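If you want the building blocks of each chain, they are given just below.
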Amino acid sequence: MNPQRPVNKFRTNTPQQPRPKVSRSFTERGPNEQRPPAKSDPSRWQQMRRFIRNRPILEQVYRFCIRVFLWLFFGSLGYVIALKYVPVFVTPLVVSRWLDTFGTDENSHVYKKWRSYEAISKEAALAVVASEDQDFPRHWGFDFDEIQDAIKENKTRKRVRGASTISQQVAKNVFLWNGRSYLRKGLEVYFTVLIEFIWGKERILEVYLNVAETGPMTFGVEAASQRYYGHPAATLSRTEAARIAAVLPNPRLFSIKNPSNYIQRRTAQISRQMRYLGGQKYIRNL
């Protein structure tokens, strides 16, 4: 018979103390233990929002700017949608030209008549495409090849060459003011994208044919045809349409009624381009 093991009176009478928790480094952890997730620092946006919230005046300014931005965005979007169906009777360019006549001997009468795309000779539509933007049926508002070519040529040219498409010209004539600035150029890009997606090619070309400056205080091919040829734009011939297109780069300097030698050469060149493009069928499926 085995003798009984003596009882350890010290252990039974002494309360057991809890073992202290020892913090271990990542290298001392077992293979199955995971490191507790570290608290992520607030982002810069969160820090800025907290900074604004702690200053009531800044928060009011911030909310006001957001409201103004939303009003401008949805207002411009609604205006573009409306002009897809409503004729464009007045543009900032028309108002600017009219105001310029104040205090001068120039005639302040505005020659402008809106005509639908169907009521304008397709020779006129083809002429402006051939002279201003031959890739108009294919691009999405911007001709990047022309932009690159213009940048290269303007490094050596005294007179700056533009590379604006018909869509860009419509955007700046209908929605923007005269002048040059980064803000205006940015808004031009914005409105160009909108009209490309909302209006479509035929509507853009229709508006261009009605708002383009074609002579002193004269806007649109209908007004130009009536004033300089004595008949409506529906019956424009190829040569007449090409001459209107020839003066578009500077209609206040060049004349449809009394064309210079340059305008006559330019007219013949545009007529040839119209033939090379294949005639009216080039713009038939806009």
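All values reported here derive from a predicted model rather than from experimental measurement.

### Focus on the nonpolar core
Okay, step 1: Ranked by internal contacts, the top residues of the largest apolar core, which has 53 residues, are Val170, Phe175, Trp199 and Leu205.
Okay, step 2: Apart from the residues within four sequence positions on either side, Val170 is in contact with Phe175, Ile195, Trp199, Ile204, Val207 and Tyr208.

### Focus on the side chain of His139
Okay, step 1: Here His139 shows up in the loop between α5 (122-132) and α6 (144-154).
Okay, step 2: We classify His139 as buried; its relative accessible area is 9%.
Okay, step 3: Among the polar contacts listed, one links the side chain of His139 to the side chain of Asp133, at a separation of 2.7 Å.
Okay, step 4: The contacts of His139, once residues within four sequence positions are left out, are Asp133, Thr165, Ser167, Glu196 and Lys201.

### With respect to the packing of aromatic side chains
Okay, step 1: Taken as a whole, this structure holds 10 aromatic pairs when the rule is applied.
Okay, step 2: Here the aromatic rings of Phe254 and Tyr262 are separated by 5.5 Å at their centres, their planes lie at 40 degrees, and the arrangement is tilted.
Okay, step 3: With a relative accessible area of 41%, Tyr262 lands in the partly exposed category.
Okay, step 4: A network of ring pairs unites the aromatic residues Tyr79, Phe175, Tyr190, Phe191 and Trp199 as a single cluster.
Okay, step 5: Positioned above the aromatic ring of Tyr117 is the side chain of Lys122, whose terminal nitrogen or guanidinium carbon lies 4.6 Å from the ring centre.

### Some remarks on the sheet that holds strand β3 (residues 218-219)
Okay, step 1: Read across the open sheet, the 3 strands follow the order β1-β3-β2; overall the sheet is mixed. Strands at the two margins of the open sheet, each flanked by one partner only, are β1 (111-112) and β2 (213-215).
Okay, step 2: Sheet topology note: the β2/β3 ladder contains 2 bridges and is antiparallel. What sits directly across from Gly215, in β3, is Thr218.

### Side note on the side chain of Glu123
Okay, step 1: Here Glu123 is to be found in helix α5.
Okay, step 2: Using a relative accessible area of 11% as the deciding quantity, one classes Glu123 as buried.
Okay, step 3: Side-chain polar atoms of Glu123 contact the side chain of Gln280, separated by 2.9 Å.
Okay, step 4: Filtering out sequence-adjacent residues up to four positions away, Glu123 remains in contact with Leu236, Ser237, Arg238, Ala241, Met274 and Gln280.

### Side note on the pattern of salt bridges
Okay, step 1: Across all of its chains, the model carries 7 salt bridges by this definition.
Okay, step 2: When the shortest N-O distance is used, the salt bridge between Lys185 and Glu188 registers 3.2 Å. Linking Lys185 with Glu188, this pair stays in helix α8 (residues 182-198), spanning 3 residues, or about one helical turn.
Okay, step 3: Since its relative accessible area comes to 41%, Lys185 is described here as partly exposed.
Okay, step 4: With relative accessibility at 1%, the residue Glu188 sits in the buried group.
Okay, step 5: Its salt-bridge partner being Glu196, residue Lys201 comes within 3.0 Å of it at the nearest N-O pair.
Okay, step 6: Assessed through its relative accessible area of 12%, Lys201 is described here as buried.
Okay, step 7: Given a relative accessible area of 6%, Glu196 falls into the buried group.

Reading the values: the criteria
Residues numbered from 1 in each chain as written. Predicted model: local features only at pLDDT ≥ 70, side-chain atom pairs only at ≥ 80, totals over all residues. Heavy atoms only, no water. Core = buried A, V, L, I, M, F, W, Y, C linked by side-chain atoms within 4.5 Å. Buried < 20%, exposed > 50% of the residue type's maximum accessible area, 1.4 Å probe, protein only. Contact = heavy atoms within 4.5 Å. Helix = DSSP H or I, 4+ residues; strand = E, 2+ residues; numbered from the N terminus. Polar contact = N/O pair within 3.5 Å; in protein donor to acceptor, adjacent residues only side chain to side chain. Phe/Tyr/Trp six-rings, centres within 6.5 Å; stacked < 30°, edge-to-face > 60°. Lys NZ or Arg CZ within 6 Å of the ring centre and 35° of its normal. Pairing = 2+ DSSP bridges. Salt bridge = Lys/Arg side-chain N within 4 Å of Asp/Glu carboxyl O.

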